Every structure is written in C-alpha cells, then in structure tokens.
Amino acid sequence: MQNLIRFGWDHSLQEHFNTLQTSLLPGRVISIKGFKYFLITERGELETELSGRLLFESENENLPKVGDWVLFQDYDTMGYIIELLPRKNALSRKTPGAKFEKQLLASNIDYALIVQGLDRDFNVMRLERYIVQISACNIAPVIILNKADLVEDLAPFVSEIEKLKRDVPIFPCSTVTGLGMPEIIDRVFIPGKTCIMIGSSGVGKSSLLNALTREQVQSVAAVSESNQKGRHTTTGRDLFLLPNEALLIDTPGMREFGVTFEENASEGDLFPEITKIASGCRYNDCRHIEENGCAVLEALENGSLDSMVYDSYIKLLKEQRRFQITADEKKRMNRQFGKMIKEAKDYRKRYKF
Ligand SMILES: Nc1nc2c(ncn2[C@@H]2O[C@H](COP(=O)(O)OP(=O)(O)O)[C@@H](O)[C@H]2O)c(=O)[nH]1
Ligand SMILES: [Mg+2]
Ligand SMILES: [Zn+2]
C-alpha cells in the first residue's frame, strides 16, 4: 500500500480492509467528472464508474465524493467502484437555493482552510458561519487571510476575528509576495493529511494551490480591476498531492454556505462563548432571547459579550432550526409514503392481483 499511504491510507483503513477479506482493491477518489470517477490506486490513476448497488443508490450522501476511499474491481484499463469504505468525516453544507437538503462537498478531511481575501471579501460573520459548520462536520478549521499585500495593517482584521473568541489558528498570507506561505506549509500542510480550501470565488484558492505546487495546475483567472472579483475559474473539485506530500482539495467558489448542523450535536459545543455565559442563566432551557434572568442578555447589555457574536449565534440557530424542521418533515413524509407503498403491496398480496 506504499502509494496509497501517500494519499492518506492509514492504520484504521488498513485494519478495516483486513477484516473485509475481499479481493477488491482500495482507491481514493481524486476527481469526479459526470459519471466518471477518477481514483488513485496502488498502481496509479484509474478511470472508474459506479457499479452494482451504487448504481441504484438514490441518497446522494451514499455516493462517492472526492476524498472518499472506495473498493473497486478492475478490468484492463477500466475500473468499477463496488463499494464505499466508511468515512472519517465529510464536509457538508445546505444545498444552495430553496431546497433543505444536505450536500456533501468532500470527505475524509483533516483541516478545512477557510480562505478570505483581505480586499472586499473579508467578513467575520461569514467566517463564524464557516467555523460552526466545519466544526459540526468534525473537521478542524483554519483561517487563511489572503491578499495581505493589499492592506497596510493586519492587526484590525486579526482583532476583529479574535472577538469571536474561537480557538482557530489565523494565517495571513499573500500568494503574490509569498508572505506567510512558509508558516502555512509548515503548520497546516502536513504529509499524509488532507486539507480542503473553501471560500468565495476570487479569494485566491487556486493561486494558493499554485504557490504550493509551484506549477500551474489550475488556471487562475485574471481579476478585472473594476470589481476586484476573480472570474469563476475552477470547473471541478480535485484532490492534489503537494510536493511535501500533503493532500489538498480545491473547491469552486461558494456563494452560499448554509448550515446543516444538528441541534445538540455530538461534535461538542458549537458556540462555546455563549455556553460559558449561559451557565449563569436562571432557567436551564433559556433561549437567551427575552427570558428574565438571562445571563447572555445581561452580558450583551453590559458589553462583556460582543453583539456580533450574539447576532451570529441567533442567526445561525434560526437557520439551523429551519433546516432541521424541513429535513424532519421530509423524513416523515418519506416514511409515510414508504408505509403506504408497503400497505398497497400487502393488500395486493392478500388479494393476489
Ligand atoms: N493582490 C493579490 N491578489 C491575489 C492574491 N492571490 C490571488 N490573487 C488574485 O486574485 C484573483 C483570483 O485568484 P484565484 O486563485 O483564481 O481565486 P479562486 O477563485 O479563489 O481560486 C487572481 O487575479 C489572482 O491573481 C494575493 O495574495 N494578492
Ligand atoms: Mg479557483
Ligand atoms: Zn439565557
């Protein structure tokens, strides 16, 4: 498995694989183009398609995503993906638009790099949203502030982020001057670990990837001077092996990053700052909106809680509830529909028609 180890194959995967006693071979999805799934395998890259049960899989979550480990069978130059190996985690968001569905972006990720540009893209509320959703997905977030060459002073940006009181490392950098790049390579891009870059279009994700690989693996769009916004340049998600053997997944720019976290998520506390203060609320089930004896509202009033942190908390929680209610409702409808089909089948069986 020498080659696969370079792509993140580890002990727990090997142990799981051993218990399967299968003649199928493991591979990792490095890119998906339509019906084609490109894998890295022990013998190199292989073009594959879905096969067997996966062809009939209707739940999008159960289909392979970039970063997934799969088992495949190969016939000459083609391979067929037979099954998905268990995921360590997966980065998801709410499907953009009106639908209340979860969309999986990639899986088996160690660090999610939230990239913002220090031009017009910088937005702390958006950062907070990314941090909450990434943490809920059981992935460690890292903040990359690119285009540091465009600002005189970094301190105001950093102190703005520190108001969130979240324990997330911040790396200012510039892909143009090279500022901050050695620190990022040293601390974030660790051999065998998988990173994913997320952020709006034009923040410099592809430039970062190019700087890291020192060659043009992704096309970088020329930015139009007038609006400081890069054109949409990335066509597909891809997983890259960097020269230092760290793994990096690039994503196309994201306009929306809706949250899908579960209330009382097992992943731990998603709003540690609020939780800390809430221990002083009079009621255990305080929602911190209008209750008497609410320590959170009191902290907001006396200024010890930043209003941005509170506003963001309320906003994300509202959004989460809306997602949860709609998702639960959908599940209930599906169950009801399933029951109806079964009843119809039983009826037909009983009366043999
Ligand atoms: N001034 C400045 N421009 C940058 C920097 N990094 C990227 N850019 C520019 O921002 C634009 C968008 O970059 P790109 O990597 O395609 O962004 P992506 O959409 O996030 O992949 C391009 O014109 C880059 O040249 C930087 O550190 N400083
Ligand atoms: Mg790009
Ligand atoms: Zn309260």
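Note that the coordinates shown come from a computational prediction; the quantities given were computed from them, not determined experimentally.

Let's shift gears to the packing of helix α3 (residues 124-136) against helix α9 (residues 307-350). Two measures define how a pair of helices packs: the angle their axes make with one another and the distance between the axes. One can describe the packing of α3 onto α9 by two numbers: an axis separation of 10 Å at closest approach and a directional angle of 50°. What the angle tells us is that α3 and α9 run oblique. Crossing handedness for the pair α3 and α9: right-handed. Contact residues: Val124, Met125, Glu128, Arg129 and Val132 in α3; Met308, Ser312 and Leu316 in α9. Partitioned by chemical class, the residues of the contact of α3 with α9 number 5 nonpolar, 1 polar and 2 charged.

The next thing to look at is the domain arrangement of the protein chain. Bring the parts together and some accessible area is lost; that lost area is often taken as the interface size. The assigned domain composition of the protein chain is domain 1 (2-84) and domain 2 (90-250). Relative placement of domain 1 and domain 2: their C-alpha centres are 27 Å apart. Contacts between domain 1 and domain 2 engage 14 residues on the former and 17 residues on the latter. For the side of domain 1 that touches domain 2, the class distribution of residues is 5 nonpolar, 4 polar and 5 charged.

So, on to the pairing of strand β2 (residues 36-41). Relative to β2, strand β1 (residues 25-33) is paired through 6 bridges, and the arrangement is antiparallel. When the sheet's bridge partners are listed, arginine 28 is paired in β2 with isoleucine 40. Between β1 and β2, which pair antiparallel one after the other, the connecting turn spans 2 residues, and glycine 34 there sits at a positive phi close to 65°.

Conventions and cut-offs
- Residues numbered from 1 in each chain as written.
- Chains lettered and ligands numbered in written order.
- Predicted model: local features only at pLDDT ≥ 70, side-chain atom pairs only at ≥ 80, totals over all residues.
- Axes fitted to C-alpha atoms, helices over the stretch in contact; angles between N-to-C directions.
- Helix = DSSP H or I, 4+ residues; strand = E, 2+ residues; numbered from the N terminus.
- Parallel < 35°, antiparallel > 145°, perpendicular 65-115°, else oblique.
- Left-handed = near helix turned anticlockwise from the far one by under 90°.
- Contact = placed C-beta atoms within 7 Å.
- Nonpolar A, V, L, I, M, F, W, Y, C, P; charged D, E, K, R; others polar.
- Domains from an automatic or database assignment.
- Pairing = 2+ DSSP bridges.

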